[in-house]
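Inside the fold
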Amino acid sequence: YKHVRSETKMRPEEFRVGDNLQVTFPGGSTRYYKVSGVDEVYYKDDSYASIAAGATASYAAVGNLNPPANQIYWFGSVSSQSNVRIQIKQPASTDRLGVNLAPQGGFLFDSLPFFNTDEGNSGKIDLWFSQNNHPSTQVVNRTNVSITPVLMWIGRRFTILDLGNASPGVVQKVKVGGLGD
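The sections below set out a description of the structure shown in this document. (Residues numbered from 1 in each chain as written. Predicted model: local features only at pLDDT ≥ 70, side-chain atom pairs only at ≥ 80, totals over all residues. Heavy atoms only, no water.)

Description of the overall build of the chain
Operational definition: Runs of H or I in DSSP of at least four residues are treated as helices and runs of E of at least two as strands, each being numbered from the N terminus. Throughout, exposure labels follow a simple rule: accessible area from a 1.4 Å probe, protein chains only, divided by the maximum for the residue type, with under 20% read as buried, over 50% as exposed, and the rest as partly exposed. Every residue pair with non-hydrogen atoms within 4.5 Å of one another is taken to be in contact. Only the protein chains shown count as cover for residues, and all accessible areas are computed by the Shrake-Rupley method using a 1.4 Å probe.
When helices and strands are tallied, the chain shows zero helices and twelve strands. Secondary structure elements of the chain occur, N-terminal to C-terminal, as β-β-β-β-β-β-β-β-β-β-β-β. Across the 181 residues that make up the chain, the buried fraction comes to 44%. Put simply, of all contacts in the chain between residues at least 6 apart along the chain, 78% involve residues at least 24 apart. Accessible surface computed for the chain: about 9500 Å², of which carbon and sulfur atoms make up 50%.

Here it is as structure tokens:
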């Protein structure tokens with residue numbers, strides 16, 4: 001059996017080395033890339049301070065999910081061991097001087113309610129990150145006790161080669177900034 005690439009939409013878990021991507025960035029600009037490397041990503045974000053019962057943490061940029069220029073990240077799941085609601089914004093906006101990224105800006109991509117299970121809490125997402133287009137998260141403690149949330153992001157890292165503005169033929173479409181086409 002030989003896996004044949006076609007114009008049908010594939011899930012990011014199926015992307016392989018050699019695939020061509022059409023990447024649309026926030027603002028609508030599009031570029032083409034060839035995948036030259038693929039790795040699984042498991043990122044444990046334990047940077048949150050304790051959140052009081054019923055309280056909401058401020059938006060905070062998840063800077064460790066900011067890929068270098070020759071990579072893009074895709075995340076299909078974020079999970080927590082706590083009974084929390086996670087709100088995800090992307091991309092980050094800039095401050096009023098246009099110099100620093102402001103985590104409270106951007107667009108609300110998703111608000112994930114979680115509930116306690118034996119396996120932990122898991123929310124399915126379809127979120128792409130490129131350089132300076134990483135997420136900001138806000139965690140809401142929905143319990144009557146203080147908690148310190150830990151989030152686990154699960155996805156893939158793609159090393160990419162820039163092919164420019166001309167389509168190389170068959171491509172898989174990627175939309176940085178949230179919902180894919």
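Brief notes about the nonpolar core
Rules: What we call a nonpolar core is a set of buried Ala, Val, Leu, Ile, Met, Phe, Trp, Tyr and Cys residues that are connected through their side-chain atoms within 4.5 Å.
The biggest cluster of nonpolar side chains holds 20 residues, and the ones touching the most others in it are Phe75 and Trp153. At the level of secondary structure, the elements contributing two or more residues to this core comprise strand 2 (30-45), strand 4 (71-80), strand 5 (84-90), strand 9 (121-129) and strand 11 (151-164). Excluding its chain neighbours within four sequence positions, the residues that come into contact with phenylalanine 75 are Val41, Leu65, Ile125, Asp126, Leu127, Phe129, Trp153, Ile154 and Gly155.

A few points about the pairing of strand 1 (residues 20-24)
Rule in force here: When DSSP finds two or more bridges between two strands, those strands count as paired.
Within strand 1, five of the five residues are buried, which leaves it mostly tucked inside the rest of the structure. The two faces of strand 1 match: Asn20, Gln22 and Thr24 on one face and Leu21 and Val23 on the other face are all buried. Bridge count between strand 1 and strand 2: five bridges; the pairing is antiparallel. Bridging from a neighbouring strand, glutamine 22 pairs with tyrosine 32 of strand 2. Connecting strand 1 to the antiparallel partner strand 2 that follows it, the hairpin turn spans five residues, and glycine 27 within it adopts a positive phi of roughly 100°. With four bridges connecting them, strand 1 and strand 12 (residues 172-175) associate as parallel partners. The partner of threonine 24 across the bridge, within strand 12, is lysine 175.

Quick look at the pattern of salt bridges
Convention followed: The term salt bridge refers to a pairing of a side-chain nitrogen on Lys or Arg with a carboxyl oxygen on Asp or Glu at a separation within 4 Å.
Counted by the stated rule, this structure contains five salt bridges. Taken together, the shared-partner salt bridges in this structure form one network comprising Arg11, Glu13 and Glu14.

With respect to the packing of aromatic side chains
Under the convention used in this document: Side-chain rings of Phe, Tyr and Trp, where Trp is taken by its six-membered ring, are said to pair if the distance between their centres is within 6.5 Å; with planes under 30 degrees apart they count as stacked, over 60 as edge-to-face, and otherwise as tilted.
Counted under the stated rule, the structure contains eight aromatic pairs. Ring centres 6.2 Å apart and planes at 70° place the aromatic pair phenylalanine 129 and tryptophan 153 in the edge-to-face group. Within this pair, whereas phenylalanine 129 is found in strand 9, its partner tryptophan 153 is found in strand 11, the two being separated by 24 residues in sequence. Phenylalanine 129 gets classed as buried once you look at its relative accessible area, which sits at 0%. Linked through ring pairs, Tyr73, Phe75, Phe129 and Trp153 together constitute an aromatic cluster.

Remarks on the side chain of aspartate 45
Keep this limit in mind: His residues and chain termini do not enter the charge count, which takes Lys and Arg as positive and Asp and Glu as negative. What qualifies as a polar contact is a pair of N or O atoms within 3.5 Å, subject to a donor-acceptor requirement within protein and to the restriction that residues adjacent in sequence count only when both atoms come from side chains.
As for its position among the elements, aspartate 45 is in strand 2. Nearest to the buried, unbridged aspartate 45 among oppositely charged side chains is lysine 44, at 10 Å. Here the side chain of aspartate 45 touches serine 47 through a polar contact of 2.6 Å, side chain to side chain. Residues within four places of aspartate 45 in sequence aside, it is in contact with Val62, Pro149, Val150, Leu151 and Trp153.

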